[in-house]
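Examining the three-dimensional arrangement
These are the residues of each chain, in order.
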Amino acid sequence: MPDSHPAPRAPETGTATVLIADADAGRRTSLAAIVRRFDPAATIVEAKSGEDLIDAVLTHRPALGFVGLQLDGLSGPEAVALARKRGATLPCLVLVAARVFPQWQELAQSLNAYEVLKTPLDPEHIENLLRANARRRQPTSVLLASSSEAGRGMIGRVLTRSGFNLAVDETDSGRHALKLLRMGSYALAFIDANLAGLDGLELACQVQPLKLPTQLTLMTSGDPEPIAHAARFFGVSFVLKMPFYARDIDLALHHALGLRRPYLLNAQTAAPAPTALLRVADFVPARRSA
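What counts, and at which threshold
Residues numbered from 1 in each chain as written. Predicted model: local features only at pLDDT ≥ 70, side-chain atom pairs only at ≥ 80, totals over all residues. Heavy atoms only, no water. Pairing = 2+ DSSP bridges. Helix = DSSP H or I, 4+ residues; strand = E, 2+ residues; numbered from the N terminus. Axes fitted to C-alpha atoms, helices over the stretch in contact; angles between N-to-C directions. Contact = heavy atoms within 4.5 Å. Core = buried A, V, L, I, M, F, W, Y, C linked by side-chain atoms within 4.5 Å. Buried < 20%, exposed > 50% of the residue type's maximum accessible area, 1.4 Å probe, protein only. Domains from an automatic or database assignment. UniProt positions renumbered as here; feature names shortened; annotations may be inferred. Expected span 1.5 Å × (residues − 1). Arc of directions from axis to C-beta. Polar contact = N/O pair within 3.5 Å; in protein donor to acceptor, adjacent residues only side chain to side chain. pLDDT = per-residue confidence, 0-100.

With that out of the way, let us pick up the sheet that holds strand β1 (residues 17-21). The strand order β2-β1-β3-β4-β5 describes an open sheet built from five strands, whose pairing is parallel. One side of each edge strand has no neighbouring strand; the edge strands of this open sheet are β2 (43-47) and β5 (115-118). Averaged over all pairs of adjacent strands, the angle between strand axes in this sheet comes to 20°, irrespective of strand direction. Where strand β4 (residues 92-97) lies against β5, four bridges are found, and the strand directions are parallel. By the bridge assignment for β5, Val96 is matched with Leu117. Each of β1, β2, β3 (64-68) and β4 touches helix α1 (residues 25-38); the most contacted strand, β2, lies at about 170° to it.

A few words now on the nonpolar core. In this structure, Phe66, Leu159, Phe190 and Ile249 are the most contacted members of the largest nonpolar core, which totals 46 residues. Top element by residues in this core is helix α10 (residues 246-256). It accounts for five residues. Lining this core are residues from two domains, each supplying at least three of them: domain 1 (17-136) and domain 2 (139-283). In this structure, Leu198, Ala204, Ala228 and Ala231 belong to the second largest nonpolar core, which totals 25 residues.

Cross-referencing UniProt, the feature "modified residue: 4-aspartylphosphate" (unreviewed entry) maps to Asp192 in the present numbering. Residue position: Asp192 is located in strand β8 (residues 188-192). Since its relative accessible area comes to 14%, Asp192 is described here as buried.

Helix length check: helix α5 (residues 123-137) (15 residues) gives 21 Å between terminal C-alpha atoms against 21 Å at 1.5 Å per residue, within 8%. Three or more residues of α5 are buried, namely His125, Ile126, Leu129, Leu130, Ala132, Asn133 and Arg136. Down the axis of α5, the buried set is contained in an arc of 165°. They therefore lie on one face. With a side-chain oxygen positioned 3.1 Å from the backbone nitrogen of Glu124, the residue opening α5 is Asp122.

The next point concerns the confidence of the model for the protein chain. Chain-level statistics for the protein chain give a pLDDT mean of 86 and a share of 89% at 70 or above. The least confident element of the protein chain is helix α11 (residues 263-269), whose mean pLDDT is 66; the most confident is β2, at 97. Contacts for the low-pLDDT stretch residues 286-290, under 50 throughout, to residues beyond four places or in other chains number zero contacts.

As structure tokens, this is what we get:
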């Protein structure tokens, strides 16, 4: 029997507390000015040493942290790692460095960073990050429809760890999924192409005339290209090949919510990095020869 239940959601918060950790006082001042311009009510906590950073994260539990490589004592990444060992996390971590080396991508991923900023700072880029962080913290409904309990569990875990404040409704039935889509207001729906009762393409076909704001992603363990070619007629945004990468879910979330993709996410998905997410719009009809 189909089921629907909310996945764990990140706690809703009011005005954000923002950590700015950098040994350079001028850079801390510049970042603070950009944050205050975006949100005058934001609480800003500054740190210039690694120990200050650890204390700030443990004490103030900031929702967002700009962390420079160079701090007094411990480096920024070392201090973040130690804070995590002591039970505190930064829901949105932005690393700041004068140069971004190839190793930074691996380091940023190990710390679950959202972005890496290069100096000199680009105020527009930072404002986009602040806007994205605010949107990620807003409650967002997602539908997950798959006949496989293991598949639902796998995607559900990735969604829970995505950094977005998501409420996930689950079902193993195509007809129940259609009912939920008609009744609910979902930003994004992950639909199994082989869903029991009503397969993914048929479901998309029936949903299309409703003109819902939901971005549809079809999931398949088979060849995704034929599904992508067919799905372009039914308003489907993406086809996700199983198994997938966590970053593919992040891409789908950013697209569905109209967020600019972070440079770090772009780097992780740039060729030749493998990806399991196909954008349906890329599958245009082949021109007939004369």
